[in-house]
Amino acid sequence: MTGDPVARVAADASLADAARALVSENVGAMVVGDEDNPGALVSERDIVRAVAGGMDPESVRAIDVASTKLVWCDADATIDEVATRMMDRYIRHILVERDGALVGIV
């Protein structure tokens, strides 16, 4: 792999910025910030909930609605292992790491 394969949005990005980035990158979720070990993930669902709750997407930051309870799997994990972990935790996105580095999102 070359470059950063994980879509990201700046830590100070608005919800509107995050929504545009999701569309631009054609993904359903992205890391918030540029840290090597991310602390938040914003998804389409996070944005929809915020807007449906009356938040202004231009003034609310993505980090304020992003998920911070991140779940990880190893890049060598099997599909069954990853699916089981996601179902056990009722999550739709899981971060993938190899040798301690973020390499993707499922």
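Notes on the structure in this doc start here. Computed from a predicted model, the values in this text were never measured in an experiment.

Turning our eyes to something else, we now look at the side chain of Ser 43. Structurally, Ser 43 is set in strand β3 (residues 41-43). Not counting residues up to four positions away in its chain, the partners in contact with Ser 43 are Leu 22, Gly 28, Ala 29 and His 93.

Note on placement: Ala 29 falls in strand β2 (residues 29-32). Here the alpha-carbon distance between Ala 29 and Ile 94, two residues 65 residues apart in the chain, equals 9.9 Å. Ignoring any residue separated from it by four or fewer positions in sequence, one finds Ala 29 in contact with Leu 22, Leu 41, Val 42, Ser 43, His 93 and Ile 105.

With that out of the way, let us pick up the sheet that holds strand β5 (residues 95-98). On the basis of which strands lie adjacent, the open sheet formed by three strands has the order β4-β5-β6 and mixed pairing. Sheet topology places β4 (72-74) and β6 (101-105) at the edges, where each strand pairs with a single neighbour. Taken over all neighbouring pairs, the strand axes of this sheet differ in orientation by 40 degrees on average, direction set aside. In this sheet, β5 lies alongside β4 in parallel orientation, the contact comprising three bridges. In the strand pairing of β5, Asp 74 is matched with Glu 97.

The rules we used
- Residues numbered from 1 in each chain as written.
- Predicted model: local features only at pLDDT ≥ 70, side-chain atom pairs only at ≥ 80, totals over all residues.
- Heavy atoms only, no water.
- Helix = DSSP H or I, 4+ residues; strand = E, 2+ residues; numbered from the N terminus.
- Contact = heavy atoms within 4.5 Å.
- Pairing = 2+ DSSP bridges.
- Axes fitted to C-alpha atoms, helices over the stretch in contact; angles between N-to-C directions.

Note that all results are geometric; they support no functional claim without further evidence.
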